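For reference, the chains in residue letters:
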Amino acid sequence: MAFPDWPVYLLCIASICGGFYICRFPKCARKSAWKNSLIGKLMARTEKPLFWIAYSLYTRTKLGYIFHKRQMRKARERYPTGHSRTQPTIINGIKIIPVPILSDNYSYVVIDTASNTAVVVDPADPQPVQACLEEEGAALQAVLCTHKHWDHSGGNRALKRRYSSCRVYGNAMDNIPGLTHPLSDKDTIDFGTRLHFRAFFTPGHTVGHVIYLLDGRVIGGPSSLFSGDLVFLSGCGRMFEGNASTMLSSLDTVGSLNDDTLLWPGHEYAEDNLLFAAEVEPCNVVREQKLQWVQQQRSQRLCTCPSTLAEEKQYNPFLRSHSQDLQGALGLQQKQDEDWTSYRARVLEELRRRKDIFKDR
């Protein structure tokens, strides 16, 4: 989710409508980059009441969708061919195509090339997704939505209108736009004979966040995890609607999956995340090697996904709350009467606090 510019923008809209008033709004409105405003940084880093007012506007009112449409228009103008250059990954006839959307989001088109059956994960902007489907000559059967934030769900209804038989999957707790098929933890979803997904309930970023695992056993290859805003390359999502214990449980779900699982995250955050990881684990050699590769990729605007869970477990600090080296680097020790899970949740909370300060994501 775009952050921290949207809280300021939404509060400014609300002030126009008479709902709220922000001092010096005319000056803020003239700024080309909202994230440079003092108010934006304050709300992003402290999450005071102003932040939660803006978050409620974004997630519960039409103002959020108005803001999303504005962001789509700006991104299309700034990145007419997408924010990153991507290549499809083909695994025994299953094609996974990252579709760059907005300023740093990815949607994913997954196609069974034998039958031209397609599903799409998190279609925030329907225009590039539809263009991809038409170029591939694939028939869209379903939208798999990880969570309600508009930068993941903003295209659901438009694609459903365009493809009349398209179903929209997600968790009912998250108020997914256009939802037709509510999911529960570990539900399976099959499309044709080769696209077999399992949904995992992973709250924390939002109350109803879901991740989707494409079963690789059916196609004789590695599985693919579409992680939304739960896990990124070397990062995890902010805990907007959950606490550290909830998020830890969701991250442990990811950690329990096979090491060769491919990770397809919802954002291109790799470079920033690895730079943060360097602050908390400066001596991690694997992380340093990955950072060098990512920086080379990004210098050419190339996509950095997928990684594998085996890699992530070596350098992603949010999957390493059990690491004594990381705990020591954070200056934390387990208390005498503290159980292991509670201690790891405290490690995760401290990591997320530092990341929120390090970068507004």
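See the structure shown above.
Residues numbered from 1 in each chain as written. Predicted model: local features only at pLDDT ≥ 70, side-chain atom pairs only at ≥ 80, totals over all residues. Heavy atoms only, no water.

Another aspect to go through is the pairing of strand β4 (residues 117-121). On a regular strand, each side chain points to the face opposite its neighbour's, so the side chains alternate between the two faces of the sheet. For β4, the buried fraction is high: five of the five residues fall into the buried class. Side-chain alternation along β4 places Thr117, Val119 and Val121 on one buried face and Ala118 and Val120 on a second face that is also buried. With five bridges joining them, strand β3 (residues 105-112) and β4 adopt antiparallel strand pairing. In the strand pairing of β4, isoleucine 111 is matched with alanine 118. Where β3 hands over to β4, the hairpin turn is made up of four residues, of which asparagine 116 adopts a positive phi near 55°. The sheet contact formed by β4 and strand β5 (residues 139-144) spans five bridges and is parallel. By the bridge assignment for β5, threonine 117 is matched with alanine 139. One crossover worth recording links β4 to the parallel β5 by way of helix α6 (residues 126-136), and it is right-handed. (Buried < 20%, exposed > 50% of the residue type's maximum accessible area, 1.4 Å probe, protein only. Helix = DSSP H or I, 4+ residues; strand = E, 2+ residues; numbered from the N terminus. Pairing = 2+ DSSP bridges. Right-handed = clockwise from strand over helix to strand, strands pointing away.)

Before going further, it helps to spend a moment on the nonpolar core. One finds Leu225, Leu230, Leu251, Val254, Phe318, Leu330 and Leu351 to be the most contacted residues of the largest nonpolar core, which totals 28 residues. If you list the elements that add at least two residues to this core, you get β10 (210-214), α9 (244-255), α10 (270-280) and α14 (340-358). With residues up to four places along the chain from it excluded, the contact list for leucine 351 reads Phe276, Val280, Pro317, Phe318, Leu326 and Leu330. In terms of nonpolar packing, the next biggest core, distinct from the first, is built from 26 residues, Val119, Leu195, Tyr212 and Phe226 among them. (Core = buried A, V, L, I, M, F, W, Y, C linked by side-chain atoms within 4.5 Å. Contact = heavy atoms within 4.5 Å.)

The next point concerns the packing of α10 against helix α11 (residues 285-299). Where α10 meets α11, the closest approach of the two axes is 9 Å, and the angle between their N-to-C directions is 150°. On the basis of the axis angle, α10 is roughly antiparallel to α11. Crossing handedness for the pair α10 and α11: left-handed. Residue-level inspection shows Ala270, Glu271, Leu274, Leu275, Ala277 and Ala278 of α10 in contact with α11, the latter providing Arg287, Lys290, Leu291, Val294, Gln295 and Arg298. Considered class by class, the residues forming the contact of α10 with α11 number seven nonpolar, one polar and four charged. (Axes fitted to C-alpha atoms, helices over the stretch in contact; angles between N-to-C directions. Parallel < 35°, antiparallel > 145°, perpendicular 65-115°, else oblique. Left-handed = near helix turned anticlockwise from the far one by under 90°. Nonpolar A, V, L, I, M, F, W, Y, C, P; charged D, E, K, R; others polar.)

These figures come from the coordinates and say nothing about function on their own.
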